[in-house]
Amino acid sequence: MAFLYPLYLVALAAGVIPLVIHLLNRRQQKRLRFPAVRFVLISQRRVARTYNLRNWLLLAVRTLAVLLLALLLAHPLWESGVGLAARGAPLTTAIIVDNSQSMQVRDDGAPFDEAKEAAARILEALDEGDRAAVIATNPVGSTAAALRAPEEATLKDLRPLAVTAGTADLTGALRTAYGLLRGAGGQKALWVVTDLGVAGWDRLSLPAVGEYDPTVPVKIVTVGAVETPPSATIKGLEARAAHVAPGLDIELAATVVNFGAGEIPDVTARLTIDDKVRDEKQVTLAEGAESTVGFRFNLERPGSHSGYVSLHGDGFSGNRRHYFTIHTRDRLNVLLVDGDPQRALVASETFFLSRALNPTGDLANSVLLPEVILSGALEQVNPESYQVVVLANVPHMTLDLAKRLMAFVEGGGGLLLALGDRVIAQEYNTLLWRGPLAVPGVPLPDLRGLTSLLPGILGERRRVPLDQNVGVEEVDTPHPALAAFGDKRLLDSLRSARVSSYFELVTPNINSEGVLMRLGNGQPLLVERKVGKGRVLVLTTSADSAWSNLPLKTAYVPLVQSLVSYLAGGSRGSVDTGITAGEAKQWTVAPAHAGMDLRVVDPRRSEKAVTITAAGGKAAGAFDGNHFAGIYRVVPPSADVDVPGLYAVNPPVLESRLERMGAEELERKLGPVNHEVMAAGALSAGGSRTDLALALVVLLMATLLFEGWLGQRNYE
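Residues numbered from 1 in each chain as written. Predicted model: local features only at pLDDT ≥ 70, side-chain atom pairs only at ≥ 80, totals over all residues. Heavy atoms only, no water.

Novice: Looking at this model, I keep getting lost on empty space enclosed by the protein. Mind explaining?
Specialist: Over the atoms, a rolling probe the size of a water molecule traces out where space has been left empty. Scanning all chains against the criterion turns up 4 cavities of 30 Å³ or more. Contributing to the lining of the largest cavity are Leu-353, Leu-416, Ala-418, Leu-539, Ala-543, Leu-550, Tyr-556, Leu-559, Val-560 and Leu-563. Looking at the lining of the largest cavity, the elements that each hand over two or more residues are β18 (414–418) and α12 (556–567). At 4 residues, α12 tops the list of elements feeding residues into the lining of the largest cavity. Split into classes, the residues belonging to the lining of the largest cavity amount to 10 nonpolar, no polar and no charged. (1 Å grid on protein atoms, 1.4 Å probe; cavity = no way out; pocket = protein on both sides within 12 Å on 5 of 7 lines; lining within 4 Å. Points joined across faces, edges and corners; volume = space filled by probe spheres on them. Helix = DSSP H or I, 4+ residues; strand = E, 2+ residues; numbered from the N terminus. Nonpolar A, V, L, I, M, F, W, Y, C, P; charged D, E, K, R; others polar.)

Novice: For this particular structure, what's the right way to read the packing of aromatic side chains?
Specialist: Centre-to-centre distance and the angle between the planes together describe a pair of aromatic rings. Tallied over the entire structure, the rule returns 7 aromatic pairs. Through a chain of ring-to-ring contacts, three or more aromatic side chains come together here, namely Trp-587, Tyr-632 and Tyr-647. (Phe/Tyr/Trp six-rings, centres within 6.5 Å; stacked < 30°, edge-to-face > 60°.)

Novice: How do you make sense of the pairing of strand β5 (residues 131–136) when you look at a structure like this?
Specialist: Side-chain positions along a regular strand alternate between the two faces of the sheet. Most of β5 sits inside the fold, with 5 of its 6 residues counted as buried. Across 6 bridges, strand β4 (residues 91–97) lies against β5 in parallel orientation. Among the inter-strand pairings, Ala-94 is bridged to a residue of β5, identified as Ala-133. (Buried < 20%, exposed > 50% of the residue type's maximum accessible area, 1.4 Å probe, protein only. Pairing = 2+ DSSP bridges.)

Novice: Would you mind going over helix α13 (residues 663–670) with me for this structure?
Specialist: Buried within α13 are the following residues: Leu-666, Lys-669 and Leu-670. Viewed along the axis of α13, the buried residues span an arc of 80°, placing them on a single side of the element. Facing away from the buried side of α13 by over 90 degrees, the exposed positions are Glu-664 and Arg-668. (Arc of directions from axis to C-beta.)

Novice: What should I look at first to understand the pattern of salt bridges in this one?
Specialist: Between side chains of opposite charge, a pair can form as their charged atoms come close. What the rule picks out here adds up to 20 salt bridges. The salt bridge partner of Arg-270 is Glu-280, with a shortest N-O separation of 2.8 Å. Of this pair, Arg-270 sits in strand β10 (residues 264–273) while Glu-280 sits in strand β11 (residues 276–285), and the two are 10 residues apart along the sequence. Take Arg-270: its relative accessible area is 25%, and that puts it in the partly exposed class. Arg-668 is the partner of Glu-665 in a salt bridge, and the nearest nitrogen-oxygen pair spans 2.3 Å. One end of the pair is Glu-665 and the other is Arg-668, both in helix α13 and 3 residues apart, which spans about a single turn. (Salt bridge = Lys/Arg side-chain N within 4 Å of Asp/Glu carboxyl O.)

Here you go:
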């Protein structure tokens, strides 16, 4: 038996009130021994016995009336079986269905299908006037859960329900369920159909649910096998590659973990890339142990690739596939133009640049291929053969060279101008600057049809006293060119550099968004300008150690490589081991792309748009609909929006830990709530749930009538 309002059962204590009244009113007889009235006394005792019997009977009837009234207030419900069918007052039911990843990864059946069958059976048992809501622990889409007629809930909510790759959010599901039941009248019921996996139930917090009704009975229907099956999964992937480019070796290490209570022999770990099996290894997993499986491979073409490492074998459950993506690009040919060559190689202007681009000197296994020429040979070189050109302290700028560089950048090339003591600023300003700031006293040559390469006018060279060397103060770490300096150690290394000389760079707006690095005195150190399809970066100090000690810092190598990769049109090649289901995927792009839409296609081929918004001088977009495991495809609005075309989403590792929540721990989680755990098979027994209120009212009325009649007879 259940009660809609069990708090009223406290009123049962009122049943003692008639007894107290009876005892208080009991007359104390005074004994008088008078022989003359002996027969009168005998007759009086006979009458008193009759009255006492009637008084006790009246007491019992009144007590019964009080108890019936208390029970009526508590609104008792009579259940048979599991109380599946409702009878009497209209019933409002909330059915929470666990659609987390653990409902799909068991090898001992299909718990999620079993859960949907159980939920359907509950809905079928409802009457036409009842209302029901189907609530997923991992909701997908923007449609909110709602109370509907049972048949409508089956068609619109239960049948389309799909298992996701995330962990069950039972707190959120209960909050939704209690919110829907709160405004409903009549009888209420709450069902939870789940595998009781610890990964989801561990996170349940009843206080976080908010306002809940402890009197609404919660029936937990468990699906799947009771015994925990052996389970294993891929805990993570780690890529080991200095560069990711076609023809270069990439090492991938997969960590495989055994969550079960026994050894799992002969597990095959298989590497698949672009739907082709590339390698496989066999491993035996000891109880509770982890093992690392390594793969070595290379790719033949640049671009985005998708792949996964999968586990194969008999007798174990768990998520068996971990997705990843690889983004490769062609090797970058970088032309270093040395404007200040020296007999001693280390003293040459490009010495540190070339070493930073290829520290090992192994061109066969490097994605960056630097080539050094002298500035005098620049006229004979075709820039189109390179992705990036670096002018390091090149003194003279001719009209022909300026036109060739402009055409090169406008066509998509990258140009890095590193200044120095040999640079003739007037020639640079005359030939490379076409902005609103005029160069005083200098007639401009005929550069009609071409745009400016400089982001501003080169001003005076500034020398800082040795004891007052200025440091790097501001670094735009969110910018793609400087993203590597999100690492605090690299950023500290960069900021520890000291600059002794630099060129002032007068831009139309000193606070312009193109300034990526500033010195401690506020002067620009690194400034960007976008020209056509390409980009120009100006380093206002030298690339060697003559004007700063930056080349001697740890940050120099990643700085040069990042700048060159950015100028080449995008990020460097990388292996992306993916994000966890439920996390948001974020992109940062150029500010000019704010307002545009990215299209994201999930593994089920469902497509959604992500609008890029401007924030803090940047533009960024985020997609939070990563509910399913697999490869997601990103389609940018135009080719110049630099975002990877693919990314991977994987389930949480603990979703493969298939232990069930224990009874004691469940009691601790749901303590104040009236709950009951039953197997899904119990639903086949059906049963009913009947409202006893009407029967109690009839019985109470009959009791009161009898009490009135008996009381009247007692006083006659």
